[in-house]
Amino acid sequence: MYEETARLDALRQQIDEIDDQIHDLLIRRTEIVHGVAKVKNDKAELDQGGVLVPSLAMRPAREADIMRRLHGRHQGELPFHVIAQLWRELINAKTRLQGPLDVALFHGKLEHAGFRDLVRASYGQATPLHIFDSACKALDAVLTARGMIGVLPFPQIDEEQPWWPDLLSFDGVNPLGGPRIVARLPFVFGADVTPVYPEAVTIACMDQEPTGNDTSFFIVGTGLDAVPQAFQGKTNRVGLPTDILGIHKNKESKRQLILLQMNEYVGKD
């Protein structure tokens, strides 16, 4: 009995030592984050009026690189989604140290609690969350509020009133560009993931940066009589295969909008 107690004490002491090492590294990591924030502030550009142009501290491409690198080196019995959740909290705490970060959530007619859980898992427990009753209001908040990003349901092709056409209404009215899709949620999914979250996208006023393994979303306008699948066939023939995620017909303007997804990086140029 004494030997078992001594062995348990020794193992617990090792755990405490590891916890202290992890804590020390987290403190060091935070100090480095402050250094990153200072470099970013020094490089921040001024607009023509001499006023600092507000920008988001978050970097979805950098976050994707971190998660992929961790996933590639992970081993052992600890499920990766636990590691991912720890790092999501670290990443978002780091982001809030560099500047404001708030989330505007629009969940449509879908179940509310699942989207709230998704936001918390993706952007941290301490990040302020604002829930809106329309996509337009959420997108307006993303456009006008400093540090605001949006989370909206992943588009479905059979939606009667999709939210994604509203993205076009805000384009060109912000020096940083209009709201656009910059990430897909959840960040980690697959057979080894225990939590089940609804799918969504993150919206922000920023240019997406290439990571080498990207998916792009873009909207194409056509006449009402155009067949979306025919347009899709044209993109396939020129070596740019696409998937149709949504179709929205506007009889007043006699136009239809097609939301496409391409498994490539597509820049604005």
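Higher on the page you've got the structure.
What comes next concerns the included structure. (Residues numbered from 1 in each chain as written. Predicted model: local features only at pLDDT ≥ 70, side-chain atom pairs only at ≥ 80, totals over all residues. Heavy atoms only, no water.)

### A short note on the sheet that holds strand β7 (residues 242-250)
Neighbouring strands of a sheet are bound in pairs by backbone hydrogen bonds; such pairs are parallel or else antiparallel.
No. 1: Pairing in this open sheet of three strands is antiparallel, and the strands run β6-β8-β7 from one edge to the other. At either margin of the open sheet sits one strand with a lone partner, and together these are β6 (216-223) and β7. Direction aside, neighbouring strands of the sheet carry axes that sit 20° apart on average.
No. 2: Alignment of β7 against strand β8 (residues 255-262), held across eight bridges, turns out to be antiparallel. Bridging across to β8, Ile244 finds its partner in Leu260.
No. 3: Packing of helix α7 (residues 228-237) onto the sheet brings it into contact with β6, β7 and β8, and relative to β7 it is tilted by some 145°. (Pairing = 2+ DSSP bridges. Helix = DSSP H or I, 4+ residues; strand = E, 2+ residues; numbered from the N terminus. Axes fitted to C-alpha atoms, helices over the stretch in contact; angles between N-to-C directions. Contact = heavy atoms within 4.5 Å.)

### With respect to the sheet that holds strand β2 (residues 129-131)
No. 1: Strand order in the open sheet formed by five strands is β2-β1-β3-β5-β4, with mixed pairing between adjacent strands. The open sheet terminates on both sides in strands that have one partner only, identified here as β2 and β4 (180-185). Across the sheet, the axes of successive neighbouring strands diverge by a mean angle of 30°, strand direction being ignored.
No. 2: Of the strand pairs in this sheet, β4 and strand β5 (residues 200-204) are connected by five bridges, and their pairing is antiparallel. Looking at the pairing, Ala183 lines up with Thr202 of β5.
No. 3: Packed onto the sheet, helix α5 (residues 135-144) meets β1 (102-105), β3 (148-153) and β5 and runs at close to 155° relative to β3.

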